[in-house]
Amino acid sequence: AQTVTQSQPEMSVQEAETVTLSCTYDTSESDYYLFWYKQPPSRQMILVIRQEAYKQQNATENRFSVNFQKAAKSFSLKISDSQLGDAAMYFCAYLPRERTDKLIFGTGTRLQVFP
Amino acid sequence: NAGVMQNPRHLVRRRGQEARLRCSPMKGHSHVYWYRQLPEEGLKFMVYLQKENIIDESGMPKERFSAEFPKEGPSILRIQQVVRGDSAAYFCASSPQGQGEDQPQHFGDGTRLSIL
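Residues numbered from 1 in each chain as written. Chains lettered and ligands numbered in written order. Predicted model: local features only at pLDDT ≥ 70, side-chain atom pairs only at ≥ 80, totals over all residues. Heavy atoms only, no water.

## Concerning the overall build of chain A
Now for step 1: The helix and strand inventory of chain A stands at 0 helices and 12 strands.
Now for step 2: Going from the N terminus to the C terminus, chain A shows its helices and strands as β-β-β-β-β-β-β-β-β-β-β-β.
Now for step 3: Since a compact globule built from 115 residues should have a radius of gyration of about 13 Å, the 14 Å found for chain A is in line with a globular shape.
Now for step 4: Within chain A, the proportion of its 115 residues that are buried is 51%.
Now for step 5: Residue pairs in contact within chain A that sit at least 24 positions apart in sequence constitute 55% of those at least 6 positions apart.
Now for step 6: Put simply, chain A shows about 5,500 Å² of open surface, and 45% of that area lies on carbon and sulfur atoms.
Now for step 7: The distance from the centre of the 12 positive side-chain charges to the centre of the 12 negative ones in chain A is 4 Å. (Helix = DSSP H or I, 4+ residues; strand = E, 2+ residues; numbered from the N terminus. Rg over C-alpha atoms; globule rule 2.2 N^0.38 Å. Buried < 20%, exposed > 50% of the residue type's maximum accessible area, 1.4 Å probe, protein only. Contact = heavy atoms within 4.5 Å. Areas by Shrake-Rupley, 256 points an atom, 1.4 Å probe, with all protein chains shown as cover. Lys, Arg positive; Asp, Glu negative; His and termini not counted. Charge placed at Lys NZ, Arg CZ, Asp CG, Glu CD.)

## Some details on the nonpolar core
Now for step 1: A:Tyr25, A:Trp36, A:Phe75, A:Leu77 and A:Tyr90 are the most contacted members of the largest nonpolar core, which totals 26 residues.
Now for step 2: Among the elements of the structure, β3 (19-21), β5 (32-39), β6 (46-52), β8 (64-69), β9 (74-79), β10 (88-96) and β12 (109-114) of chain A are those that each provide at least two residues to this core.
Now for step 3: For this core, the element with the highest residue contribution is β10(A), accounting for 4 residues.
Now for step 4: Residues contacting A:Phe75, with those up to four places away along its chain left out, are A:Cys23, A:Tyr25, A:Leu34, A:Phe35, A:Trp36, A:Gln51, A:Val66, A:Asn67, A:Phe68 and A:Cys92.
Now for step 5: Counting 23 residues, the second-largest nonpolar core is a separate cluster that includes B:Leu11, B:Met46, B:Val47 and B:Phe65. (Core = buried A, V, L, I, M, F, W, Y, C linked by side-chain atoms within 4.5 Å.)

## Topic: the state of the cysteines
Residue and element names in this part refer to chain A.
Now for step 1: Counted under the stated rule, the structure contains 2 disulfides over all chains.
Now for step 2: Note on cysteine connectivity: cysteine 23 is disulfide-linked to cysteine 92, with sulfurs 2.0 Å apart. Handedness here is read from the sign of the S-S torsion; for cysteine 23 and cysteine 92, about -70°, the answer is left-handed. Here the residue cysteine 23 occupies a position in the loop between β3 and β4 (24-26), and cysteine 92 occupies one in strand β10, the gap between them amounting to 69 residues. When sorted by exposure, cysteine 23 lands in the same class as cysteine 92, which is buried. (Disulfide = S-S within 2.5 Å.)

## Details of the sheet that holds strand β7 (residues 65-68) of chain B
Residue and element names in this part refer to chain B.
Now for step 1: Taken together, 4 strands build an open sheet; the order of strands is β1-β3-β8-β7 and the sheet is antiparallel. Because the sheet does not close on itself, it has two edges, and the strands there are β1 (5-7) and β7. The sheet shows a mean angle of 15° between the axes of neighbouring strands, taken without regard to direction.
Now for step 2: Relative to strand β8 (residues 75-79), strand β3 (residues 19-24) runs antiparallel, the two being bridged by 5 bridges. Looking at β8, one finds that cysteine 23 is bridged to serine 75. (Pairing = 2+ DSSP bridges. Axes fitted to C-alpha atoms, helices over the stretch in contact; angles between N-to-C directions.)

## Points about the pattern of salt bridges
Now for step 1: Scanning all chains against the criterion turns up 8 salt bridges over all chains.
Now for step 2: When the shortest N-O distance is used, the salt bridge between A:Glu52 and A:Lys55 registers 3.8 Å.
Now for step 3: A:Glu52 sits in the buried class, given a relative accessible area of 11%.
Now for step 4: Where salt bridges share partners, they join B:Glu18, B:Arg20 and B:Arg78 into one cluster. (Salt bridge = Lys/Arg side-chain N within 4 Å of Asp/Glu carboxyl O.)

Put into structure tokens, the structure is as follows:
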């Protein structure tokens, strides 16, 4: 069974600094998607960034980028120039490519941003 | 283009009552997924439905929980005889197709269920 592990329950960063959130996963499949979702106190689930496993190039979205290490089954999120509005829970998630029936989520990392 | 609509946003029930949570998928989406988020935890898959069909209910508790997605109208997640442990946020997501999807599931804002 696929699993997603986020080993950092909480992280903090100073405004304008860079922070990296860790995620590892376990799967026997070779093709899949990986996602980072942001959940602010409003509880919305906001897609931050996605990565397709067959693509070697790391995905980037403005200040957000990932370090995807397929062999190591690692998918970390880097937030550059952190802003107060980045404070939220961040969830890493896995989705098999062949059947898009269920996202498998990690337990989340709570990010605090200090001015 | 309206997103996934869930209602109510907040629902309060007493133990033993029934809770009905509604989800209208995005326009053009025929696949609906329900997830549950217990306090301080990640989202856990409950059930995946297409119009009039349950595709995967492997995450649904065997008793008291049921889900449907009729030909017309929203998807309904029903919890009978609620207990305190059912208190959680329930999220609905939708997608336009079930295979080879290039875009992820689109989430609603969730329904927060509180059991007194």
